[in-house]
Amino acid sequence: MTDPRQVLTQCALILADEKHESGLAGQITARGPVPNTYWTLPLGLSFDEATPASWLLIDDQMRLLEGEGAHGIREPNPATRFHLWVYKSRPDVNAIVHTHPPAASALAAAECPLVVAHMDATPLFEDMVYLPEWPGLPTADKEGEIIATALGPHHAMLLAHHGLLTAGRSIQEAAFLAVFMERMAQLQINASTLGGVRPIDPAEARRARDFLRTDRIMNITFDAWTRRANRLRQGHKG
């Protein structure tokens, strides 16, 4: 298995640039090199602080197996526990993003599901669910079981009074869905001043989804976002 830490770092920087919350309220994880192991960031580390060396390898009991961590912290975020329930129930999932970005959090606080009303939202069509009740701080097995059950076979979820979750076959897919969920949440809020959003025709939404959710499109989009993240940081160094 290819070491995913470089791609995980790129994912973290992309999400930081997209204004997704991190620290305690944001986690990115990926399956580890052997069954029942997972890569995650240390508790409290912001996405824009991620480096390949900072990722921790944990097992399904949240025990630390490997990794340098950062700033003297080698403790995994306890909120990562609910990710393990998703991995347990979904062998197709290899990476998870959970964040509290501003627009998605606003919809979540208003108990307002995200509507597929724009071409850029079509990757989520028929693959996004809404959890209407907040199960509480997701640091225990009960919350993990609730979230994993509600997600079912889907790859994206808006959690009321909480945030968003994307579960990808790859890190690139999890990032792709998370970025567009937040962007479309902001669009939905903006459209409320114009009378609200209108759902796309299902047949056209399905056709657009089947094109945009190909590995090729998701991967080249992720690569473009990575180049942007690198340019931004090179500019800061200059």
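Residues numbered from 1 in each chain as written. Predicted model: local features only at pLDDT ≥ 70, side-chain atom pairs only at ≥ 80, totals over all residues. Heavy atoms only, no water.

Thoughts on the sheet that holds strand β6 (residues 128–131)
Taken in spatial order, the 8 strands make up an open sheet running β4-β3-β2-β1-β5-β8-β7-β6, and their pairing is mixed. Two strands bound the open sheet, and with one partner strand each, they are β4 (64–66) and β6. Ignoring strand direction, the axes of neighbouring strands in this sheet form an average angle of 25°. Note that strand β7 (residues 156–159) and strand β8 (residues 163–168) share 4 bridges and pair antiparallel. Following the sheet pairing, methionine 157 is matched in β8 by leucine 165. (Pairing = 2+ DSSP bridges. Helix = DSSP H or I, 4+ residues; strand = E, 2+ residues; numbered from the N terminus. Axes fitted to C-alpha atoms, helices over the stretch in contact; angles between N-to-C directions.)

Topic: helix α2 (residues 81–89)
Listing the buried residues of α2 in full gives Phe82, His83, Leu84, Val86 and Tyr87. On its buried side, α2 packs onto β1 (27–31), β2 (37–40), β3 (56–59), β5 (95–99), α4 (141–151) and β8. (Buried < 20%, exposed > 50% of the residue type's maximum accessible area, 1.4 Å probe, protein only. Contact = heavy atoms within 4.5 Å.)

Quick word on the nonpolar core
Counting residues in each nonpolar core, the largest one holds 46 residues, and the members touching the most others are Cys11, Leu15, Ile28, Trp55, Leu114 and Met181. Of all the secondary-structure elements, those providing two or more residues to this core are α1 (5–17), β1, β5, α3 (102–109), β7, α5 (171–191) and α7 (215–237). Looking at which element gives the most residues to this core, the answer is α5, with 11 residues. Excluding residues that lie within four positions of it along the chain, tryptophan 55 makes contacts with Arg5, Leu8, Thr9, Ala12, Ile28, Trp39, Thr40, Leu41, Ala50, Glu66, Gly67 and Glu68. In terms of nonpolar packing, the next biggest core, distinct from the first, is built from 18 residues, Met62, Tyr87, Leu131 and Leu165 among them. (Core = buried A, V, L, I, M, F, W, Y, C linked by side-chain atoms within 4.5 Å.)

Observations concerning the layout of surface pockets
Roughly 230 Å³ of volume is contained in the largest pocket. Around the largest pocket, the lining residues are Asn36, Tyr38, Asp60, Gln61, Arg81, Leu84, Trp85, Tyr87, Lys88 and Asp141. The element that contributes the greatest number of residues to the lining of the largest pocket is α2, accounting for 5 residues. Split into classes, the residues belonging to the lining of the largest pocket amount to 4 nonpolar, 2 polar and 4 charged. (1 Å grid on protein atoms, 1.4 Å probe; cavity = no way out; pocket = protein on both sides within 12 Å on 5 of 7 lines; lining within 4 Å. Points joined across faces, edges and corners; volume = space filled by probe spheres on them. Nonpolar A, V, L, I, M, F, W, Y, C, P; charged D, E, K, R; others polar.)

Some details on the environment of alanine 174
In this structure, alanine 174 sits in helix α5. The sequence separation of alanine 174 and threonine 2 amounts to 172 residues, and the corresponding C-alpha distance is 17 Å. When sequence neighbours within four positions are dropped, the list of residues in contact with alanine 174 reads Ala95, Val97, Thr166 and Gly168.

Considering the packing of α3 against α5
Packing of α3 against α5 brings their axes to within 7 Å, and their N-to-C directions diverge by 60°. Between α3 and α5, the angle falls in the class oblique. Where α3 crosses over α5, the handedness of that crossing is left-handed. Contacts from Pro102, Ala103, Ala104, Ala106 and Leu107 in α3 reach Glu182, Ala185, Gln186, Gln188 and Ile189 in α5. (Parallel < 35°, antiparallel > 145°, perpendicular 65-115°, else oblique. Left-handed = near helix turned anticlockwise from the far one by under 90°.)

Some thoughts on the pattern of salt bridges
Tallied over the entire structure, the rule returns 17 salt bridges. Salt-bridge contacts for arginine 169 lead to aspartate 215; the nearest nitrogen and oxygen are separated by 3.3 Å. One end of the pair, arginine 169, is in the loop between β8 and α5; the other, aspartate 215, is in helix α7, with 46 residues separating them in the sequence. Exposure remark for arginine 169: the relative accessible area of 37% places this residue in the partly exposed category. Its salt-bridge partner being glutamate 173, residue arginine 213 comes within 2.8 Å of it at the nearest N-O pair. A residue pair is termed long-range when its members are at least 10 positions apart, and arginine 213 in the loop between α6 (202–212) and α7 and glutamate 173 in helix α5 qualify at 40 residues. (Salt bridge = Lys/Arg side-chain N within 4 Å of Asp/Glu carboxyl O.)

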